[in-house]
Amino acid sequence: MLGEIRIRIPARMDLYVEPFVGAGAVFLDLAPDHAIVNDANALLIETYRAIADDPERVIEALGRHVAAHGKTYFYETRAIDRSDDFASWPAAERAARLIYLNKTCYNGLYRVNIKGHFNVPYGRYAKPAFPEADEIRAISGYLRRTRVKLRCGDFAEATSEATPDSFVYFDPPYDGQENSAFTRYQAGGFDKGEQIRLFETFDKLAKRGVKCLLSNADTPFIRDLYRDYPIDVVSAARAINSDASKRGKVGEVLIRSYEIPLAHSDVKAAKQAEPLGLTP
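None of these values were measured; they are calculated from a predicted model.

Basis of the calculations
Residues numbered from 1 in each chain as written. Predicted model: local features only at pLDDT ≥ 70, side-chain atom pairs only at ≥ 80, totals over all residues. Heavy atoms only, no water. Helix = DSSP H or I, 4+ residues; strand = E, 2+ residues; numbered from the N terminus. Polar contact = N/O pair within 3.5 Å; in protein donor to acceptor, adjacent residues only side chain to side chain. Salt bridge = Lys/Arg side-chain N within 4 Å of Asp/Glu carboxyl O. Contact = heavy atoms within 4.5 Å. Buried < 20%, exposed > 50% of the residue type's maximum accessible area, 1.4 Å probe, protein only. Arc of directions from axis to C-beta. Axes fitted to C-alpha atoms, helices over the stretch in contact; angles between N-to-C directions. Parallel < 35°, antiparallel > 145°, perpendicular 65-115°, else oblique. Left-handed = near helix turned anticlockwise from the far one by under 90°. Nonpolar A, V, L, I, M, F, W, Y, C, P; charged D, E, K, R; others polar. Core = buried A, V, L, I, M, F, W, Y, C linked by side-chain atoms within 4.5 Å.

Draft legend 1. Region of interest: the environment of E252. Mapping E252 onto the fold places it in strand β7 (residues 248-256). On a C-alpha basis, the gap between E252 and V233 in space is 5.8 Å, while along the polypeptide they are 19 residues apart. For E252, the side chain forms a polar contact with the side chain of Y174, separated by 2.8 Å.

Draft legend 2. The pattern of salt bridges, seen in detail. Taken as a whole and judged by the stated rule, the model has 21 salt bridges. In this structure, the salt-bridge partner of E93 is R64, at a minimum N-O distance of 2.8 Å. With E93 in helix α6 (residues 91-104) and R64 in helix α4 (residues 55-68), this pair connects stretches of sequence that are 29 residues apart. One salt bridge connects R197 with D154, and the closest N-O pair in it is separated by 2.6 Å. Taken together, the positions of R197 in helix α9 (residues 192-207) and D154 in the loop between β3 (147-151) and α8 (155-158) put the pair 43 residues apart, joining distant regions of the chain. Overlapping salt bridges, with partners in common, bring together E4, R8, D232 and R256 in one network.

Draft legend 3. Structural detail: the environment of L101. Relative to the elements of secondary structure, L101 occurs in helix α6. Counting along the chain gives 27 residues from L101 to F74, while the straight-line C-alpha distance between them is 7.2 Å. For L101, the contacting residues outside a window of four places in its chain are F74, T77, R78 and F118.

Draft legend 4. Representation of helix α5 (residues 71-78). Within the sequence span of α5, burial applies to F74, T77 and R78. Along the long axis of α5, the arc covered by the buried residues comes to 100°, so they all point the same way. The exposed set on the far side of α5, more than 90 degrees from its buried face, consists of T72 and E76. Considering only its buried residues, α5 is in contact with α4 and α6.

Draft legend 5. Region of interest: the packing of α5 against α6. Contact geometry of α5 with α6 gives a least axis separation of 11 Å together with a crossing angle of 135°. One finds that α5 runs oblique with respect to α6. The chirality of how α5 crosses α6 is left-handed. Packed against α5, whose contacting residues are Y73, F74, T77 and R78, the element α6 presents R97, Y100, L101 and T104 at the interface. Considered class by class, the residues forming the contact of α5 with α6 number 4 nonpolar, 2 polar and 2 charged.

Draft legend 6. How the structure looks around the nonpolar core. By size, the foremost hydrophobic cluster in this structure holds 25 residues, and its most contacted members are Y16, F27 and V148. Counting only elements with at least two residues in this core, the list comes to α2 (25-30), β2 (34-38), α3 (42-53), α7 (133-145), β3 and β4 (166-170). Counting 24 residues, the second largest nonpolar core, distinct from the first, contains A61, A92, Y110 and V120.

And the structure:
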């Protein structure tokens, strides 16, 4: 999706806001000097902060996981968040565990059970793609030298500082996943009511002149909800779905609160451009 998103990014922004940052593909591609990035996953935001504050300890701890990697070790490491002492672990140690599990679990999926415990099964990778030490150091340096605020909270609150000179990119849990235990990102879920509240946040910002871009599943519910805004249908490859028939190229939408006056040649060049920021 990154190529499709790049061509829709405004030419100027004084503040970048991403209320559902996840893996941060767009955030790290843009590498803005001033940003607010937020996620409901407290462990994820703690991991970003640990990388910023203590990269060498994260690198060292991750190295220990990599050296011990195997199916039995994976499940032992996965079970640690069930223990009483996990909360007292240093942040860098918890961050390294999350990175290790993300790179060795099934399809890199992040999913928790109703108690909030990580429960994705072992991924059968011949050679897991662990981040290099220099990549962790590069992201750490970027986070420390820029005005990036890392927050864990409600998506609507994360947009409270947005102005008409800001750009907000929403990448929420997609419509249609609210009843799927297979893809439950957080224990509370993200149901139709949350999708409506997200639309209300988008609509409120748009009416204040804030440039907003939102990605979601191409469903009748989403199309109807955002019917007054430009909706671009795009195709993206997805490897994660409980229904195997729905993997591969799937229909998604990118919804905008602003116009993008790009010629066809400009669009093609933008899609093929080198990354703007830190992503490989």
